[in-house]
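The residues making up each chain are set out below.
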Amino acid sequence: MAAGSGMIIKCLLLFLSFSFSLNLFFLYLSFGRPSDRLTWTRTAALEAEAVASLSCSGHGRAFLDGIGSSQGKPTCECYACYGGSDCSQLLPDCLLDADSGSLLLFETYWKQKAESSAVVVSGWHRMSYEMTGTSLMSVELERVIRQLHSTVGNANAKRKFILFGDGSSQLLNAAVHALSHNSSSPASVVAAVPYYALFKDQTLLFKSENYEWKGDASHWNNVSGSSGKFIEFVTSPNNPDGNLRRRPLLQGPSTKAIYDYAYYWPHFTAIPTMVDDDIMLFSMSKLTGHAGSRLGWALIKDEEVYHRMASYTETNTLGFSHESQLRALKLLKVVLQGGGRDMFQFGYTTLSDRWRKLSTSLSLSTRFSLQKISAQYCNYLQRIREPSPAYAWLKCEMDADCERVLRAAGIMGRPGKEFGASSRYIRLSLIKTQDDFDLLLQRINALVDQEGVKSIF
Ligand SMILES: Cc1ncc(COP(=O)(O)O)c(C=O)c1O
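The name given to the protein chain in an unreviewed UniProt entry is Tryptophan aminotransferase-related protein 4-like protein, and the organism recorded there is Cinnamomum micranthum f. kanehirae. You can read under Cofactor (unreviewed entry) in the UniProt record for the protein chain the words "pyridoxal 5'-phosphate".

The following block contains the structure:
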């Protein structure tokens, strides 16, 4: 009798646990793993994963909109000097592009953050011109930008107006337009040599009766009695030489400055102080590396200047890509996790290592020299940090045409003349992929070695 009831209890327990497991299984099917519940994002997610899984031999990558995607088979796009359908072929005689300012070294970083940085854009995402209400800008992105500046401590964004631009490039001339308003004679637009070429190119292209390009600021510093309004572009750290420039060369009540802080982030420079200037420009291109998204911003003190710049961008492009704003928001949120340490440390470690290798190689040369940058205390990292500039500003000590000398060695840089400097200088990009840098270093080493061989004979 006792054995029989024990048996019944056992069967009951078995039945109960079976029914419990079955229920759990059905619950899992209805509310289980999120990926099992995807509906309209499923195909897009599968497509995105499929294209990202192409390894391209580690010397390239494939994109959804790449050539061949119309046949449903995106192909590899190889890094400079690699070829073949899977990018496995090194092209030894290629001309290496050390000209471009694309911050491609961050591709590796963003691959590590693949899951947290991906964005899904629906077919009906924010189709109108306006973002929210009548605003053309994402309030949430504005908030995150302010938070980032405050976390990094590079610029004071409190009580500043924020204006987005289709890249900070759009904001350069917007600022000139706003500052030159109401001048009795055309304002003189200047920058100290070496300067970023777009300051000159845009001022000349968008010719206006309110301003004109007047070249090197240091020239006007030396001209006594020069009068009229000056607008000086101050880039800090400077493109191309990486030096911090804290003040305009031209001082006085009739000089207005536009501060281009595209590179004022801890991966490129020490952050010795929190800057707080009237017009400060920043760019996603040099912060996270997303140049292709074309998104920059200005922090502006004066309300009237802000309105003039805003009216310029509105007339010029009628707003800013909503997809870019969404993407920037996602990326900056990732950067902000852990206070930005992850991304800035990655960038700083990579760039300081590249700078050390290049300067060690060139220290053996009498024909070539590099700009001088010192180690400096960084408030963000809270320690002295080594230099990690975006570009090498190389001087050919003996040869007048540095571009020609480097081209002969298979390296294409950006000639000094484009920065208002002499052709003895050339800018070499250190911010591209590791493949690009390895090849650059190899070719520079070969140039330096040639020197050694020549001096023996
Ligand atoms: C000093 C400087 N300002 C502005 C820009 C343009 O940035 P964006 O890509 O945001 O237009 C660059 C790009 O190289 C730059 O070097």
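Now that the structure has been shown, the text picks up again.
Asks: Quick one: what's the story with the overall build of the protein chain, residue by residue and with numbers?
Replies: Check the secondary structure of the protein chain and you find 14 helices and 19 strands. In the protein chain, which comprises 457 residues, the proportion classed as buried is 38%. Taking as baseline every contact in the protein chain between residues at least 6 positions apart, the subset at least 24 positions apart corresponds to 67%.

Asks: Describe in detail the sheet that holds strand β9 (residues 230–235), supporting the description with residues and values.
Replies: Overall, mixed pairing links the seven strands, which are arranged β6-β12-β11-β10-β9-β7-β8 in an open sheet. The open sheet is flanked by β6 (161–166) and β8 (211–216), the only strands paired with a single partner. If you compare each strand with its neighbour and ignore which way they point, the axes differ by 25° on average. Note: β6 against strand β12 (residues 295–300), six bridges, orientation antiparallel. Looking across to β12, one finds that F161 is bridged to I300.

Asks: Explain the site of the ligand to me, and be specific about the residues and the numbers.
Replies: Around the ligand, 13 residues are found, and the nearest of them are G167, S168, S169, S283 and S285. Taken together, the residues that form the shell around the ligand break down as three nonpolar, nine polar and one charged.

Asks: Tell me what's going on with the environment of Y195, and back it up with residues and numbers.
Replies: Relative to the helices and strands, Y195 is located in the loop between β7 (187–191) and α7 (197–205). Not counting the four nearest positions on each side in its chain, Y195 is found in contact with F233, T235, F419 and G420.

Asks: I'd like a description of the sheet that holds strand β19 (residues 425–429), backed by residues and values.
Replies: With respect to topology, four strands assemble into an open sheet ordered β13-β16-β19-β18, the strand pairing being antiparallel. Looking at which strands have only one partner, the edges of the open sheet turn out to be β13 (368–369) and β18 (414–415).

Asks: Before we move on, could you go through the packing of helix α5 (residues 139–152) against helix α11 (residues 322–336) and cite the residues and values that matter?
Replies: Two elements in contact, α5 and α11, have axes whose closest approach is 10 Å; the angle formed by their N-to-C orientations is 30°. Considered as vectors, α5 and α11 are oriented roughly parallel to each other. Crossing hand, α5 versus α11: left-handed. Across the interface between the two elements, E140, L141, V144, I145, Q147, L148 and T151 of α5 pack against Q325, A328, L329, L332, K333, V335 and L336 of α11. Among the residues making up the contact of α5 with α11, the classes are represented as nine nonpolar, three polar and two charged.

Asks: Please provide a residue-by-residue account of the nonpolar core, values included.
Replies: In this structure, A175, L281, A298 and M309 are the most contacted members of the largest nonpolar core, which totals 104 residues. Setting aside residues up to four positions removed in sequence, M309 forms contacts with L163, L171, A174, A175, A178, A298 and I300.

Asks: Quick one: what's the story with helix α12 (residues 341–362), residue by residue and with numbers?
Replies: With 22 residues, α12 ought to run about 32 Å at 1.5 Å a step, and its terminal C-alpha atoms sit 31 Å apart, in line with that. Of all the positions in α12, only M343, F344, G347, Y348, T350, L351, R354, W355 and L358 are classed as buried.

Asks: Residue-level account of the packing of helix α6 (residues 168–179) against helix α10 (residues 303–317), with values.
Replies: It is at 8 Å that the axes of α6 and α10 come closest, and there the two elements cross at 130°. Considering the angle they form, α6 stands oblique to α10. Handedness of the α6/α10 crossing: right-handed. Across from Q170, L171, A174, A175, H177, A178 and L179 in α6, the residues of α10 making contact are V305, R308, M309, Y312, T313, N316 and T317. Per-class residue counts for the contact of α6 with α10 are eight nonpolar, five polar and one charged.

Asks: Go over the pairing of β12, please, and point to the residues and values.
Replies: By the criterion of burial, β12 is predominantly enclosed, with six of the six residues buried. Because side chains alternate across β12, one face comprises the buried residues L295, W297 and L299, and the other comprises G296, A298 and I300, equally buried. As paired strands, strand β11 (residues 279–283) and β12 are joined by five bridges and run antiparallel to one another. Opposite M280, over in β12, you have L299 as the bridge partner.

Asks: Break down the environment of S365 for me, with residues and values.
Replies: With respect to the helices and strands, the residue S365 is situated in the loop between α12 and β13. As for S365 and E397, which are separated by 32 residues in sequence, their C-alpha atoms are 9.7 Å apart.

Asks: If you had to explain unusual backbone geometry to someone new, which residues and values would you point to?
Replies: Among all residues save glycine, negative phi is the norm, and among peptide bonds the norm is trans. Of the consecutive residues V193 and P194, the connecting peptide bond is found in the cis state with omega at 0°. A positive phi angle is found at C87, which is not glycine, with a value near 60°. Note that C87 resides in the loop between β3 (82–83) and β4 (89–90). The backbone of R294 sits at a positive phi, close to 50°, despite the residue not being glycine. Position of R294 among the secondary structure elements: in the loop between α9 (284–287) and β12. For R294, a count of 19 C-beta atoms within 10 Å translates into the label partly exposed.

The rules behind these values
- Along each chain, residues carry numbers from 1 onward, in the same order as the chain's sequence is written.
- For a predicted model such as this one, the threshold for reporting local features is a pLDDT of at least 70, and the threshold for listing and counting side-chain atom pairs is 80 or more; totals across whole chains, interfaces and linings nevertheless cover every residue.
- UniProt positions are given in the numbering used here, feature names are shortened, and annotations may be inferred rather than shown by experiment.
- Helical segments are the DSSP runs of H or I of at least four residues, strand segments are the runs of E of at least two, and each set is numbered from the N terminus.
- With C-beta atoms placed from the backbone, a residue counts as buried when 20 or more other C-beta atoms lie within 10 Å of its own, as exposed when 12 or fewer do, and as partly exposed for counts between those limits.
- In this description, a residue-residue contact is defined by the distance between C-beta atoms placed from the backbone, which must lie within 7 Å.
- When DSSP finds two or more bridges between two strands, those strands count as paired.
- Axis geometry follows a simple rule: fit a line to the C-alpha atoms, using only the stretch in contact for helices, then measure angles between N-to-C directions, giving values from 0 to 180 degrees.
- Being near a molecule or strand means, for a residue, that its backbone-placed C-beta atom lies within 6 Å of it.
- Polar here means any residue outside two lists: the nonpolar Ala, Val, Leu, Ile, Met, Phe, Trp, Tyr, Cys and Pro, and the charged Asp, Glu, Lys and Arg; Gly therefore counts as polar.
- Working definition: roughly parallel below 35 degrees, roughly antiparallel above 145 degrees, roughly perpendicular at 65 to 115 degrees, and oblique for all remaining angles.
- The handedness criterion is simple: a crossing whose near helix is rotated anticlockwise from the far helix by less than a right angle is left-handed, and one whose near helix is rotated clockwise is right-handed.
- Residues of type Ala, Val, Leu, Ile, Met, Phe, Trp, Tyr and Cys that are buried and joined through C-beta atoms within 7 Å form what is called a nonpolar core.
- In this analysis, the expected span of each helix is defined as 1.5 Å times one less than the number of residues it contains.

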